[in-house]
Amino acid sequence: MQGPEFLIPIVFFISIAVVAIIIRKFQNDERLALIEKGGDANIFNRTSKGNSYPALRYGLLLIGAGIGILVGNLVAESRIIDDEAAVFSCLMIFGGIGLFASYFIERKEAAKD
């Protein structure tokens, strides 16, 4: 007979769904209260100039994360540092480098406009 380990993924995904539903409900309640008081609900629109190239940002982040995992595995195989520490630290470092690169590319493009 299986132990209770099979419940962990089920509870995890149900918890994520419940949190998402609760967040959505409170956002809706907040917008309705604002409209009832005569406010403008357009302040909730998330179109900002700061996020003008989301595909570039996420693309470079994922490319950096992939390179980080690759380099982390190479470092772990060479036994320089512990396996988990190598992969996690390289993942964060190269993911951050990808975000820095997207920032500078976006800034360069904004200067053109």
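Residues numbered from 1 in each chain as written. Predicted model: local features only at pLDDT ≥ 70, side-chain atom pairs only at ≥ 80, totals over all residues. Heavy atoms only, no water.

On to the overall build of the chain. Counting its regular elements, the chain contains 3 helices and 0 strands. Ordered by position from the N terminus, the helices and strands of the chain form the series α-α-α. Rg of the C-alpha trace for the chain: 22 Å, well past the compact-globule value of 13 Å for 113 residues, more than 25% over. For the chain, the C-alpha atoms occupy an extent of roughly 65 × 60 × 15 Å along the three principal directions. Burial analysis of the chain (113 residues in total) assigns 10% to the buried set. (Helix = DSSP H or I, 4+ residues; strand = E, 2+ residues; numbered from the N terminus. Rg over C-alpha atoms; globule rule 2.2 N^0.38 Å. Buried < 20%, exposed > 50% of the residue type's maximum accessible area, 1.4 Å probe, protein only.)

In this section: the side chain of Ser-102. Following the sequence through the fold, Ser-102 ends up in helix H3 (residues 83-112). Dropping the residues within four chain positions of it, Ser-102 is found in contact with Leu-56, Arg-57 and Leu-60. (Contact = heavy atoms within 4.5 Å.)

The subject of this paragraph is the pattern of salt bridges. In this structure the tally under the stated criterion is 4 salt bridges. Note that Arg-57 and Glu-106 form a salt bridge whose closest N and O atoms lie 2.9 Å from each other. Note that Arg-57 is positioned in helix H2 (residues 54-77) and Glu-106 in helix H3, a separation of 49 residues in sequence. Take Glu-106: its relative accessible area is 9%, and that puts it in the buried class. (Salt bridge = Lys/Arg side-chain N within 4 Å of Asp/Glu carboxyl O.)

An ideal rise of 1.5 Å per residue puts 44 Å on 30 residues; H3 measures up with 44 Å between its terminal C-alpha atoms. Within H3, the full set of buried residues consists of Ala-86, Cys-90, Gly-95, Gly-98, Ser-102 and Glu-106. (Expected span 1.5 Å × (residues − 1).)

A positive phi is found at Arg-79, a non-glycine position, where the angle reads about 60 degrees. Tracing the backbone shows Arg-79 in the loop between H2 and H3.

This part takes up the confidence of the model for the chain. Per-residue confidence for the chain averages 86 on the pLDDT scale, and 94% of its residues sit at or above 70. Element-level pLDDT for the chain is lowest in H3, with a mean of 89, against a maximum mean of 92 in helix H1 (residues 7-36). (pLDDT = per-residue confidence, 0-100.)

Evaluation of the coordinates by the stated rule reveals 2 aromatic pairs. Aromatic side chains Phe-12 and Phe-13 sit 5.3 Å apart centroid to centroid with 70 degrees between the ring planes, which places their arrangement in the edge-to-face category. For Phe-13, a relative accessible area of 56% corresponds to the exposed category. (Phe/Tyr/Trp six-rings, centres within 6.5 Å; stacked < 30°, edge-to-face > 60°.)

Take Val-75: it is sitting in helix H2. Sequence-wise, Val-75 and Ala-20 are 55 residues apart; in three dimensions their C-alpha atoms are separated by 38 Å. With sequence-adjacent residues up to four places away left out, Val-75 is seen in contact with Ile-80, Ile-81 and Ala-86.

In a regular helix each residue adds 1.5 Å, so 30 residues correspond to 44 Å; H1 covers 43 Å between its end C-alpha atoms and thus fits that length. Downstream of H1 by a residue or two, Gly-38 has a phi angle that is positive, lying close to 90 degrees.

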